[in-house]
Amino acid sequence: GQDCAVFEPKEGDVLVFSTDPITGTVKDIGSHSVHITANDLAASGAEPIGIMLTMLLTPETREEELKEMMRGVESACSQLNMEVMGGHTEITDVVKHPLISVTGVGTIKKEEMLVTSSVKPGQDIVLLKWIALEGTLRVMREKEEELSRRFIPAFLNPIRQMEGELFSVDELQTAKKAGVSAMHQITEGGILAALWEMAESSGVGIEVDLKKMAIRQETVEICEYFHLNPYQLTSAGSVLIFAEDGEKLVEKFQKEGRQAVVLGRTTVDTARVILGGEEKRYLDRPAPDELLKMYESK
């Protein structure tokens, strides 16, 4: 559940590091990799300042595709006021799809660091944005031609416009200023994995309402079409936030035009309870991300 490592070169000032491997289509992998890493840094309270990246590309990758990936990286870094500090690019037949491994660096005062051990029983659990956010975009990129035959443009266009929702640094900085206890970006394994990770690492229990988990209709229909479970689909850009007064934080987000909702609360015991109407079940260990099915089907 802890998204970053922390290094203290001198007393009081710390450097924060986060690393993420990202696979995907050339069209989105560059910008996605930067946003995911920057969000992880911001979720720990840090200010993102730069990245190092290693790009492993298939022998079929063309030079123009590499340039397109780097344009995405540079555009996202410019938006976030981050530097590309260095990296390595290699053509290799050991990967089936382009792979970018990003190491992000951020800075923060030691006393401002947000860690999972700060989560206490009786706190609200807030979901910022929608579940399966990133996964919907990734499926769209992977299967755009097939989806274009299945759905009308008026349905697909709003999905394309969701790209900007991957950027959550501003919202995370707003949450930090509001005095939250911890934040955790929802990535591989979806919201169920994120809830399990936070409960496991913080040592508290959770009780959340499945019906309160915000999901876009486009996500519902795409997941139904490809037989994917949206609760186990990667959702970078969406964040779990733990706070003493979740409703106040949600109200603040909503005034800024942001989607947010209180899902439930942390508990004294270590039970991980998911409520769905009259049904009550317990979280299992995280399952593989549903996005893997998109690559397995190729």
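### Observations concerning the pairing of strand S4 (residues 83-91)
Part 1: Sheet analysis places strand S3 (residues 47-57) next to S4, joined by eight bridges and oriented parallel. Bridge pairing in S4 places Met-52 opposite Gly-86.
Part 2: Considered for its hand, the β-α-β crossover made up of S3, helix H2 (residues 63-80) and S4 is right-handed.

### Points about the sheet that holds strand S12 (residues 279-282)
Part 1: Taken in spatial order, the seven strands make up an open sheet running S7-S9-S6-S10-S8-S11-S12, and their pairing is mixed. Where the open sheet ends on each side, the last strands, each with one partner, are strand S7 (182-185) and S12. Across the sheet, the axes of successive neighbouring strands diverge by a mean angle of 25°, strand direction being ignored.
Part 2: The sheet contact formed by S7 and strand S9 (residues 239-243) spans four bridges and is antiparallel. Within S9, the position partnered with Ala-182 by the bridge is Phe-242.

### Regarding the pairing of strand S1 (residues 5-10)
Part 1: Of the strand pairs in this sheet, S1 and strand S2 (residues 13-23) are connected by four bridges, and their pairing is antiparallel. When the bridges of S2 are listed, Val-6 appears paired with Val-16.
Part 2: Connecting S1 to the antiparallel partner S2 that follows it, the hairpin turn spans two residues, and Gly-12 within it adopts a positive phi of roughly 100°.

### Digging into the pattern of salt bridges
Part 1: Across all of its chains, the model carries 18 salt bridges by this definition.
Part 2: Between Lys-255 and Glu-251 there is a salt bridge, with its nearest N and O atoms 3.6 Å apart. Of this pair, Lys-255 and Glu-251 are both found in helix H9 (residues 246-255), four residues apart, which corresponds to roughly one turn of the helix.
Part 3: Relative accessible area serves as the criterion here: at 68%, Lys-255 is assigned to the exposed category.

### A word on the nonpolar core
Part 1: Val-34, Ile-51, Val-180, Met-183, Ile-241 and Leu-249 are the most contacted members of the largest nonpolar core, which has 37 residues in total.
Part 2: Ranked by residues supplied to this core, first place goes to helix H1 (residues 26-43) with six residues.
Part 3: If we skip the residues at most four places from it in the chain, Ile-51 touches Val-34, Val-73, Cys-77, Met-82, Glu-83, Val-84, Met-85, Gly-86, Val-102, Thr-103 and Gly-104.

### Brief notes about the sheet that holds S3
Part 1: With respect to topology, five strands assemble into an open sheet ordered S1-S2-S5-S3-S4, the strand pairing being mixed. The strands lining the two open edges of the sheet, one partner per strand, are S1 and S4. Each neighbouring strand pair of the sheet contributes to a mean axis angle of 20°, computed without reference to strand direction.
Part 2: Strands in contact with H2 are S3 and S4; relative to S3, the strand with the most contacts, it is inclined by about 170°.

So, how was this worked out
Residues numbered from 1 in each chain as written. Predicted model: local features only at pLDDT ≥ 70, side-chain atom pairs only at ≥ 80, totals over all residues. Heavy atoms only, no water. Pairing = 2+ DSSP bridges. Helix = DSSP H or I, 4+ residues; strand = E, 2+ residues; numbered from the N terminus. Right-handed = clockwise from strand over helix to strand, strands pointing away. Axes fitted to C-alpha atoms, helices over the stretch in contact; angles between N-to-C directions. Salt bridge = Lys/Arg side-chain N within 4 Å of Asp/Glu carboxyl O. Buried < 20%, exposed > 50% of the residue type's maximum accessible area, 1.4 Å probe, protein only. Core = buried A, V, L, I, M, F, W, Y, C linked by side-chain atoms within 4.5 Å. Contact = heavy atoms within 4.5 Å.

Any functional reading would require information beyond the geometric quantities listed.
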